[in-house]
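# Structural overview
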Amino acid sequence: MAEMNKEVLLVVESVSHEKGVSEEVIFDAIESALAMATKKKHREFVIDEDGLRREVNAEFAVHIDRATGNYETFRRWVVMDPDRELEEDEVPNPDAELTPEQAAEKDPALGIGDHHEVPVESVAFGRIAAQTAKQVIVQKVREAERAQVIEMYAPRVGDLVSGAVKKTTRDSVIVDLGNNAEAVLTRDNLIPRDALRVGDRVRALLTEVRPEARGPQLILTRTTAQVLIELFKIEVPEIAEDVIEIRAAARDPGSRAKIAVRTNDGRIDAVGACVGMRGSRVQAVSGELAGEKIDVVLWDDDPAQLAINAMSPADVRSIVKDEDARAMDIVVPEENLAQAIGRGGQNVRLATELTGWRLQVMDEQEAASKQEEEALGNVNEFMETLSVDEDVAVALVEEGFTGIDEIAYVSTEELSAIEGFDREIVEELRNRAKDALLTREISGRAPADDLLQMEGMDRALAFELANAGVATMENLADLSVGDLLDLKEDIGEERAARLILTARAPWFEDDDDSDDGTEGAAHG
């Protein structure tokens, strides 16, 4: 048994306190260092089966008495399962491994995974061992620190954290969170207006903890809607107390944001509480987000009313809602059209994200034209599909019918209520509608949803195009005006060109996140 320098015990204690790492980790590091020094001292060479001289790859273990500092050294073998599957890059080491049969000869009590140890002479804790121990200690301390950072921050994913900017590069900003923890803000997770300098305090959302060889990578962001929500939780006590609830949020980082709130307490003005006296609360959040303008709107369970609130400050005249497509046509006065859409479509885009419905903004003249176009399309569909004259088709459209599926399954009484429709006519219309639906189902040529919902398209034309093999917007986008007129001559060259341009619009989409400069319901 060798005696360790008592000063090393003091080193163990001081390093443990300084780095916040347990003394056991430091002792393990010293044991590893002594084992490495012992291996260098006890180098052996043998002649292998091929007559070649090779070094014995022995393994050693050192056990330190934590109280006295005395230590013992052993050569060690592990009992291996001969039928085990080797891991990738794993190489058997016959100099440090025993089969169960070999182990039984040495000690019948040994089982697979157990160690057989034989005492050997210990090395002194000299200069070389001390240098090796220092390197191992540093490595062990780093590993322990990484483990501590992971343990500390893994439960905080999704929370706001704050720290000081430690370093800025072209691609990222390194943030010192304290307690040996550093986080990364990549450029795409920074607000475009952020101008962070070394030493600046910054708040960001922790999105991910990546344990990596060089230390845990704490990934931050300042661009998601959740950052906005968490900041409001800090600034508005009523949200933290669950008196006010944030139902949705949408952002163009650094430019504009919308947040929808509500309360079940009728005595509290949810929007006013979030805005704060003279806008103090919303301005505090805005200041944290590089001056981002924030609209605070009232949440409503009715999607149409929520859309009206979300479109603020635009004056909404009417809304046409399509439940199946989760889409709405928002009608505004012509003088409000630019404001409702916003620069680069920002206002309507944020309102769409906030409501979860696809919103299309138009003025009253466009709405009337679209309604007239759709009505004409429905009239043509009824005339062609049901083989009825124009008067009957117009009567059906005026009563609000938009497709033959509605006619096929509506109650007889509802159809009979139309002036001039007796029971015989009603039954004939229902039968013709059911036959047409069956024919479509058999043909399997139904148009895709994107074609049905495309701006400027009506159901009758969509089904006709589908029957001709043009069942999607992409199919339509591939056609020329001449090709489309060959399929449907009566739509006219102007409408054909307009439809093809609309179908091709996704090819040229350009997300413009620039600030539209409009004012919100309540903004900072």
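Because the structure is a prediction, the values reported are computed rather than measured.

### Considering the sheet that holds strand β13 (residues 256-263)
Overall, mixed pairing links the three strands, which are arranged β12-β13-β14 in an open sheet. Lying at the two open borders of the sheet, with one neighbouring strand each, are β12 (244-252) and β14 (293-298). The average angle at which neighbouring strand axes cross in this sheet is 20 degrees, direction not considered. Against the sheet, helix α5 (residues 225-235) engages β12, β13 and β14, with an angle of about 140 degrees to β12.

### Here's the deal with the nonpolar core
Judged by nonpolar contacts, the single largest core of 26 residues is most densely connected at Leu 228, Phe 232, Ile 259, Val 261, Cys 274, Ile 294 and Val 296. Counting only elements with at least two residues in this core, the list comes to α5, β12, β13, α7 (270-275), α8 (280-288) and β14. Counting residues in each nonpolar core, the second largest holds 22 residues, with Ala 395, Ile 407, Ala 433 and Leu 437 among its members.

### Details of the pairing of strand β15 (residues 318-322)
Pairing of β15 with strand β16 (residues 327-332) involves five bridges; the strand directions are antiparallel. Within β16, the residue paired with Asp 322 across the bridge is Ala 327. Following β15, the chain reverses through four residues before pairing antiparallel with β16; Arg 326 in that reversal takes a positive phi of roughly 50 degrees.

### Re the pattern of salt bridges
According to the stated counting rule, one finds 29 salt bridges in the structure shown. Note that Arg 256 and Asp 295 form a salt bridge whose closest N and O atoms lie 3.2 Å from each other. Here the residue Arg 256 occupies a position in strand β13, and Asp 295 occupies one in strand β14, the gap between them amounting to 39 residues. For the residue pair Arg 256 and Asp 295, the accessibility class agrees, reading buried in each case. Look at the salt bridges and you will find they share partners, linking Glu 24, Asp 28, Glu 31 and Arg 66 into a network.

### Section: the confidence of the model for the protein
Residues shown with low pLDDT carry predicted positions that ought not to be read at fine detail. A residue-level look at the protein finds 91% of positions with pLDDT of 70 or above and a mean pLDDT of 83. Contacts of residues 511-524 to residues separated by more than four positions or lying in other chains number 49 contacts, the stretch itself having pLDDT below 50.

### Side note on the sheet that holds strand β11 (residues 217-221)
On the basis of which strands lie adjacent, the closed barrel formed by five strands has the order β7-β8-β9-β11-β10 and mixed pairing. The sheet shows a mean angle of 50 degrees between the axes of neighbouring strands, direction not considered. Pairing geometry for strand β7 (residues 160-168) and strand β10 (residues 201-210), over five bridges, is antiparallel. Among the inter-strand pairings, Gly 163 is bridged to a residue of β10, identified as Val 202. Across the sheet, α5 is in contact with β7, β10 and β11; its angle to β10 comes to roughly 125 degrees.

### Notes on the environment of Ala 497
In this fold, Ala 497 is placed in helix α21 (residues 493-504). The spatial distance from the C-alpha of Ala 497 to the C-alpha of Met 454 is 14 Å, given a sequence separation of 43 residues.

Procedures and definitions
- Residues numbered from 1 in each chain as written.
- Predicted model: local features only at pLDDT ≥ 70, side-chain atom pairs only at ≥ 80, totals over all residues.
- Heavy atoms only, no water.
- Pairing = 2+ DSSP bridges.
- Helix = DSSP H or I, 4+ residues; strand = E, 2+ residues; numbered from the N terminus.
- Axes fitted to C-alpha atoms, helices over the stretch in contact; angles between N-to-C directions.
- Contact = heavy atoms within 4.5 Å.
- Core = buried A, V, L, I, M, F, W, Y, C linked by side-chain atoms within 4.5 Å.
- Buried < 20%, exposed > 50% of the residue type's maximum accessible area, 1.4 Å probe, protein only.
- Salt bridge = Lys/Arg side-chain N within 4 Å of Asp/Glu carboxyl O.
- pLDDT = per-residue confidence, 0-100.

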